[in-house]
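An overview of the molecular structure
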Amino acid sequence: MSKIHVTTTVNGEPAEFLCEVQDSLLDVLRDQLHLTGSKEGCGSGDCGACSITLDGRLVCSCLVLGVEAEGKTIGTIEGLANGDELHPLQRKFLEHAALQCGFCTPGLLVATKALLDANPNPTETEARYWLAGNLCRCTGYDKIIRAVMDAAAEMRGEHA
Amino acid sequence: MPRLSYAAPASVPDAVKLLAGAQGLAKVMSGGTDLLVQLRSGRAKPELIVDTKKIPGMMGIRETADGWVIGAATPSAELSEHAGFSAAYPGVVEGTNLIGSTQVQGRASLAGNLCNASPAADSVPAMIAAGAVAVVVGPTGQRSVPVAQIVTAPGRTSLAKGEFIFEFHFPKVSGKQADAYLRFIPRTEMDIAVVGCGVNLTLDAAGVITAASVVLGAVAPTQVAVDATSIVGSKLDDAALAALDTAARAACNPINDKRGTIEFRTKVAGVLARRAAKIAYDRAGAR
Amino acid sequence: MNFVANFSDLKVVGTRPVRPDGIDKVTGKAMFGADLSMAGTLTGKVLRSPHAHARIVSIDASKALALPGVKAVVTAAGDFPEISSEEAAAGESPVNFRHMAHNVLARDKVLYEGHAVAAVAATTSAIADAAMALIDVTYEVLPFVIDVEAAMADGAPILHDDLVPSGMAAPGKPTNIAKRVEFKLGDAEAGLAEADVVVEGRYETTAVHQGYIEPHAVIASVNPDGQTQIFASSQGQFMIRQYVSKILNMDIANIRVTPAEIGGGFGGKTLVYLEPLAVALSRKAGKPVKMVMTRDEVFRSSGPTSGGVMTVKIGAKKDGTITGATIDIALQAGAFPGSPVAPACMCAFACYDLKNVRASGYDVVSNRSKIAAYRAPGAPISSFGVESAMDELATKLGMDALELRQKNAAKAGTKAAYGPVFPEIGFEQVLDAAKSHPHWSAPLGPNQGRGVATGFWFNIGGDSSASVFVNEDGTISVVSGSPDIGGSRASMAMMAAEVLGVPYEKVRPIVGDTAQIGITGMTGGSRVTFATGMATVQAAEKVVDELKKRAAMIWDISPEAVDWKDGEAVPAGANAGGFDPMPLAAIAAKAGKTGGPIGSEVSINAQGAGAGFGAHICDVEVDQETGHVKILRYTAVQDVGKAIHPSYVEGQIQGGAVQGIGWALNEEYLYDKNGRMDNSGFLDYRVPVASDLPMIEAVLVEVPNKRHPFGVRGVGEVPIIPPLAAVANAIKAATGVRMHSLPMSPPKIVAAIESGKG
C-alpha cells in the first residue's frame, strides 16, 4: 500500500503532499512542505505552538491528521504577513518586546489573529482566556497581552 | 506491523459497513483531539480510522419543534458561537467551552468527549442533567439512548461494534428552566476537571423548584446523578443548599490520583453542586 | 572603557529598539534546533529505562539491526569510552564527566525511569520506533528511592556503591549523600540565644521543571576523518563542544557546533543529553542524524531542579534586629551528585546584614532524573523557607514585613555569610521603592491577602568573546559567543552602537559558531549582558582607537590629536588642526589605503558582576472552600544596575516572576508507586497559562554596577526567587494558615484551612 496523496491549500497557494495516515498535519507542514514556523512543543494539544487555521478555524495542527487536510484551506504563520508588509500583530509583538526566545510566538500570533477575527474588541480577560492554550514560559504573558490589546486597538482604527 | 488505514465515508451506511467489517480495532474519529493523542502515545493501536465528519448531519446545530439537534461531530466552538443554543443551554455550553483550549474546541465534539468515556469529561454532566439523548447508528439500525447510559466504565461505552453516535437531541427548554455547569481545576484553564457539576432546574412561577437534575463528573468511575429531591419544593434557601451539598457528597465514589484526593473531591463536589445550583436557579428565575 | 558616569549622555543604551532577530521570529523563519535538516538525515531515537532502578544484565540489539532501514544502534558498553574517576572532574568547571557520560547513556545500571539505555538511527521515525521495540534489554530490577529524606535514611537503596561524600566524615558504609556544605559567620547559636523572639519552621519544596517550550533538538554529522558538525539548541555551543569531546574522546578542533535559535532554556539546556548520542550514531551510520525529544522525554529525562526539605530558625530583638539565623537543608540531586545546595545555602540569608548566621546543607542522590540548573539554582528553594520565616517573625514582632527587612537589609560594606563584602548594592533602594509603591498600601477585599518577599543572586561574569567589524560602507557587524535566549543580540548591538556613536540600525549582531568566535561560557547565571557585553564594549573601543588612528593618518596628525564624537573623528582641539569631522563611513571607505580592514576581537574573563536584589509584592484571593488561589496583583521591584534595553529587562523580571508563581502554586513532579513520573506532560505538569495571571508590574531600580562600563547587573535570575514566599505570605494573610510545603495546591490549602495549620 502506498502513501496517501492529499491536495490542499496552504496560505492561499495550492499544495500537495504524500503522507501516512498517522502523520499529523504538523508533521506534514514541517517535514513535507518545509513550513517549519509551526512548532511542536508537546504533540498533545497542550501548548499551542503548532496553532494553525483549518478552514478558518483555529486548531492545533498536532491534533489534525495530514489526510484530513484534503480539500481544506490551511493558514500558518508563514502566511500572516502580506508579502514584505508585517501584519499589525507582528509589528506590535516586536514593538512591545512580546517575545524572548520566540518559540511560542508563531502559535501565539496565529491564535491572536483568530481571536481578533472573531472578536475585534476583546477585553484583557477575553484575550487571556482565548490564549490560555498557548503556553509561553519566557514572558509571563504581560507584554504579549499588551501587544495584543494594542494591535487590536490599532486594527480598529483607534490610534491617532 | 499492520498499516493504519483511513476512510472518510459520506454516508451512515458506508461508515457502519467499514466499522462493522474491520478486522482489527477500528476507531471512530470526529474531532480527533483524544484519538491523536492516543495514537501518538501508543495507547490506541487501531488498524482503521473512520472519520465521520463528512457524513451529512454529523456537523451542525438545528432547532426543531421538540428542541435541539446537534450533529455528533460538531466542534464545541460552534456550540458556543450559536446564540440560540447558548441561550437555551448555557450550562451545556459552559461544559463544552471548557474542553481543552480554544484550539481544541475548534475540533472537539460532544460525541468524542462522551465516547472517550472519561469520568472527567466536561460536556457530559450538563448533557445528562439536560436529559439529552444520543441517536446511535449501527449494523442493526438506529436507536435512541439517554446520554447517561452511554458510558459504562472509564474508557468503556455501551456502543456495540460498528455503532457510533450520529446526533444528540436536547429537549425543548420551556418556562422557568435553566442549567449551569461548573468544574474545579487548579489553574483557570487547560486542566482536566478535578470535579465537575451540571445542574438543570425547573421552577414554578413563584420560584419554587419543581424539577432538579444534578450530575457530577470526576468523582466516580462514571458521571453520577445526585439525589436532588431535597431541593425540589424549595426556593434554594440555605437549608436546601446544605441538603444538596450533603447529597452531592453522598453521591461521590472518587479515587485518589494525581489530580485530587478522595477527601478533596468529595468536599468540592458539595461546593460545586451548591454553586452551580445557585447559578441555574438565578438563570431559571430570570426566564 | 571606564564607567560612564553621566547616563544622560547615552543615546542608544536605555532605549527600546526592535530586536535584530525579531522579524525572523514573528514570521516563522527563525531556525530552531528541530527546524534544520541535511540531505540524507536519519532519525535518531532513545530507548529509555522503564524502571526507576535496575541493573542492566544484557542488551541485545541484533533483531533491531536486522530491521531494514535501521542504520545504527549505540550502547554505552559498545560505543562510549569509559571515563575513569581520575579524569572525571578534568577542567575548571565543576562537572563530573564520568557522571555526565553515564547520564547520557546508562552503563551498568539505570538510575531512574527514562534513563537512556540505547539509541537507534533509522531512515524513518516509524522504523526507529519499531527498532527500539526490538532491542532486548534484560534488567535486574532493584529497590528504588525517590524522596530526599528516605534516600538519606539508614537502609535506603544505594545508587552508587563508590560514592564518597565530600565535606563530611566518611560514613564508613555506602551512602546517597554526595556532599555536605556549610557557610558560617559569627556564632549563630549564640546569636539565637540572645534573641527576644525566635521563629522556627520546616519547609519543603518539590522538583520543578524549567518548562521551556522547545524540546531538546540536535542534528549531527560526522565525517570519516572525524570532523563533526553539530547544530543544536542549547545555552552554549562551546559547552556542547567540550562535553561531546570529553564523553566521546574526540579532538575539540574536530567539532564545530553551530547554535540554533533556542526556544527557552532557563538553565535546563546547560547539559548535553542528545548531542553525544547523535554524534555516536552519525559516526557509526556515516550519515547525519537528527534527534528531537518528545515532551514526555523532556519531563522524564531532562531537568528538573531539586526539591528539598529545610529547617529555618531566625531570632531577633524586639526592635526587629536579627541576632542569629540558621538553615539546614537537604536537596535532591537526582541520580547523580550535583544539586545546587551550595548556592541555596549561600543565597539563603544574603539579603540581610547578619552577624551570626549558619547555612548548611546536603546534596543527596535518589532515583530521579539528574537535576539541571534552573534560574538562580537553589536560591528560590532556601528563600522559600527563609522569607516565609521572615514573615512569621514580622507577625510575631508586630512589625511591618517590609520594615523588618529594611531594618536588617544588606548594604555596601555588609559581609555576607558566604564570604564577600558587598560593594555598592541596591537592596535598600529596592525596599524603599517597594514600600513607597502604591501597591503596598492599596486596600484589600475579603478573602484577599498581601505578601512580600525578597531575593538575592550573585550574578556572574566569566569567559566571553566578542568581535566588532567595520564594513566597507561603515556599517558594523558584531559577533558574540553567547546564544541569545531573550534578546541579548539587541543589547550587544546597542552597546556597540553606543561606543561607536552610530545608529543602532547600522549594527548587525550575530551569535557565532565555535569556529567563528573565541570561547564563551554558557548563557546563564545572568552573565551575558554583563560579561559578553563587556567584551563587546572593549572590542568596540579598540575599533574606535583604530578609527582614530586612521583619521590621524589621513589628516597626517598624531592619533592623540583625534577625538571620537558621535560616530565621527574630530580634531582634539584647536591645536590639532582645522579639519572637518570625518564620519565612520568615510574612514571605512578608505580603510584599504590606511592599513586594511578594521575590526577587533576581544576574549576576556569578566570580573566584577554586581549582585542583584529584588522584592516582590503579591496580592491573592483564596477561595476558602476549594483552596483555589487567584493572583490579583503582582509588583516586582529589582535593582538592575542599568537597563540596556528596558523592555527585555522588564521581560526577564516578568517571566521569572511567573515561573516562581507556577512553582509556588501548581508545578510539581509526581511519581507513582513504581517510581515512574506520573505527570510528564503539560496537561498535568501545570505551568501558568495566560488566564491565571494579572499584568506583572516590573519596577526597575537602577543602582549602577561600577565595574561595567554601562553599569549593568545581571537581571534574569533574581525574579524567580521571591515569588515562592511572596505567594505563601499572601496566602497566610488571606487565610490565616501558613503553608510549609510547595506547591500550595488547592487540596493542600483546603486541608490546611480545615486543620487550622499548614
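Being a predicted model, the structure only gives us computed values, none of them experimental.

1. What to know about the overall build of chain A
Per the secondary structure count, chain A includes five helices and five strands. For chain A, the α and β elements follow one another from N to C terminus as β-β-α-β-β-β-α-α-α-α. Radius of gyration (C-alpha) of chain A: 16 Å, near the 15 Å computed for a compact globule of 160 residues. Its C-alpha atoms put chain A at 60 × 30 × 25 Å along the principal axes. If you take every contact in chain A between residues at least 6 apart in sequence, the share linking residues at least 24 apart comes to 55%. If you sum the accessible surface of chain A, you get close to 5,500 Å²; carbon and sulfur atoms cover 48% of it. Of the side-chain charges in chain A, 13 are positive and 22 negative, and the distance between the mean point of each set is 7 Å.

2. Quick look at the sheet that holds strand E15 (residues 357-365) of chain C
Residues and elements named next belong to chain C. Spatially, E7-E15-E14-E13-E8 is the arrangement adopted by the five strands of the open sheet, whose pairing is mixed. Pairing within the sheet leaves two strands with one partner each, and these edge strands are strand E7 (177-185) and strand E8 (197-205). Averaged over neighbouring strand pairs, the angle between their axes works out to 10° when direction is ignored. On the sheet, helix H12 (residues 341-348) packs against E7, strand E14 (322-334) and E15 and is oriented at approximately 20° with respect to E7.

3. A look at the interface of chain A and chain C
Facing 39 residues of chain A, the contacting portion of chain C comprises 50 residues. The junction of chain A with chain C conceals about 3,800 Å² of combined surface from both sides, 60% of it contributed by carbon and sulfur atoms. When residues of chain A are sorted by the area they lose upon contact with chain C, A:Leu94, A:Gln100 and A:Arg137 head the list and together hold 22% of the total. Applying the counting criterion to the chain A and chain C interface returns four salt bridges. In this structure, the salt-bridge partner of C:Glu667 is A:Arg137, at a minimum N-O distance of 2.8 Å. Counting across the chain A and chain C interface gives 22 residue pairs in polar contact (both at pLDDT 80 or more). Going through the elements one at a time, helix H2 (88-95), helix H3 (105-118), helix H4 (124-130) and helix H5 (142-155) of chain A are the ones with two or more residues in the side of chain A that touches chain C. A total of four residues in the side of chain A that touches chain C trace back to one element, the largest contributor, which is H5(A).

4. Considerations on the nonpolar core
Counting 204 residues, the largest nonpolar core has A:Phe93 and C:Ile314 as the members making the most contacts within it. Residues in contact with A:Phe93, not counting those within four places in the same chain, are A:Ala98, A:Leu99, A:Thr105, A:Leu108, A:Leu109, A:Thr112, A:Ile144, A:Ala147, A:Val148 and C:Val26. One finds B:Val12, B:Ala15, B:Leu48 and B:Trp68 within the second-largest nonpolar core, a separate group that totals 51 residues.

5. Considering the domain arrangement of chain C
Where interface size is given, it is often the accessible area lost as the parts come together that is meant. Residues and elements named next belong to chain C. The assigned domain composition of chain C is domain 1 (7-30 + 461-606) and domain 2 (378-459 + 610-755). Facing the 25 residues of domain 1 at the interface are 22 residues of domain 2. Buried surface at the junction of domain 1 and domain 2, summed over both partners, amounts to about 1,800 Å²; 66% is from carbon and sulfur atoms. Sorting the residues of domain 1 by area buried against domain 2 places Phe7, Arg16 and Ser526 first, and these three jointly supply 32% of that buried surface.

6. Details of helix H1 (residues 12-21) of chain B
All names here are of chain B. Along H1, the positions that sit buried rather than exposed are Val12, Ala15, Val16 and Leu19. Across the axial projection of H1, the buried residues extend over an arc of 100°, all falling on one side. Those residues of H1 that are exposed and aimed more than 90 degrees away from the buried face are Pro13 and Lys17. Where H1 is buried, its residues touch strand E2 (26-29), strand E3 (48-51), strand E6 (133-138) and strand E10 (164-171). Capping the start of H1, Ser11 holds a side-chain oxygen 3.2 Å from the backbone nitrogen of Asp14, two or three residues further along.

7. Here's the deal with the interface of chain B and chain A
Counting residues at the interface gives 28 residues for chain B and 31 residues for chain A. The tally of links between chain B and chain A comes to five salt bridges. In this structure, the salt-bridge partner of A:Arg57 is B:Glu81, at a minimum N-O distance of 3.0 Å. Counting every contact that joins chain B to chain A gives nine residue pairs in polar contact (both at pLDDT 80 or more). At the level of secondary structure, the elements contributing two or more residues to the side of chain B that touches chain A comprise strand E1 (5-7), helix H2 (35-41), E3, helix H3 (76-81) and helix H6 (102-105) of chain B.

8. Some details on the environment of B:Asp122
All names here are of chain B. You can see Asp122 is positioned in the loop between helix H7 (110-115) and helix H8 (124-129). For Asp122, a relative accessible area of 6% gives the class buried. The spatial distance from the C-alpha of Asp122 to the C-alpha of Pro75 is 14 Å, given a sequence separation of 47 residues. Setting aside residues no more than four positions away along its own chain, Asp122 makes contact with Gly95, Leu98, Ile99, Asn113, Tyr181, Arg183 and Ala193. Of note is the side chain of Asp122, whose polar atom sits 2.6 Å from the side chain of Tyr181.

9. Topic: the state of the cysteines
Tallied over the entire structure, the rule returns zero disulfides over all chains. As a non-bridged cysteine, A:Cys101 has A:Cys138 as the owner of its nearest cysteine sulfur, 3.8 Å distant. Here C:Cys618 stays free of any disulfide, with the sulfur of C:Cys351 as its closest cysteine sulfur at 17 Å. Looking at C:Cys618, the relative accessible area reads 0%, which means it is buried.

Rules of the game
- Residues numbered from 1 in each chain as written.
- Chains lettered and ligands numbered in written order.
- Predicted model: local features only at pLDDT ≥ 70, side-chain atom pairs only at ≥ 80, totals over all residues.
- Heavy atoms only, no water.
- Helix = DSSP H or I, 4+ residues; strand = E, 2+ residues; numbered from the N terminus.
- Rg over C-alpha atoms; globule rule 2.2 N^0.38 Å.
- Contact = heavy atoms within 4.5 Å.
- Areas by Shrake-Rupley, 256 points an atom, 1.4 Å probe, with all protein chains shown as cover.
- Lys, Arg positive; Asp, Glu negative; His and termini not counted.
- Charge placed at Lys NZ, Arg CZ, Asp CG, Glu CD.
- Pairing = 2+ DSSP bridges.
- Axes fitted to C-alpha atoms, helices over the stretch in contact; angles between N-to-C directions.
- Buried area = accessible area lost by both parts, 1.4 Å probe.
- Salt bridge = Lys/Arg side-chain N within 4 Å of Asp/Glu carboxyl O.
- Polar contact = N/O pair within 3.5 Å; in protein donor to acceptor, adjacent residues only side chain to side chain.
- Core = buried A, V, L, I, M, F, W, Y, C linked by side-chain atoms within 4.5 Å.
- Buried < 20%, exposed > 50% of the residue type's maximum accessible area, 1.4 Å probe, protein only.
- Domains from an automatic or database assignment.
- Arc of directions from axis to C-beta.
- Disulfide = S-S within 2.5 Å.

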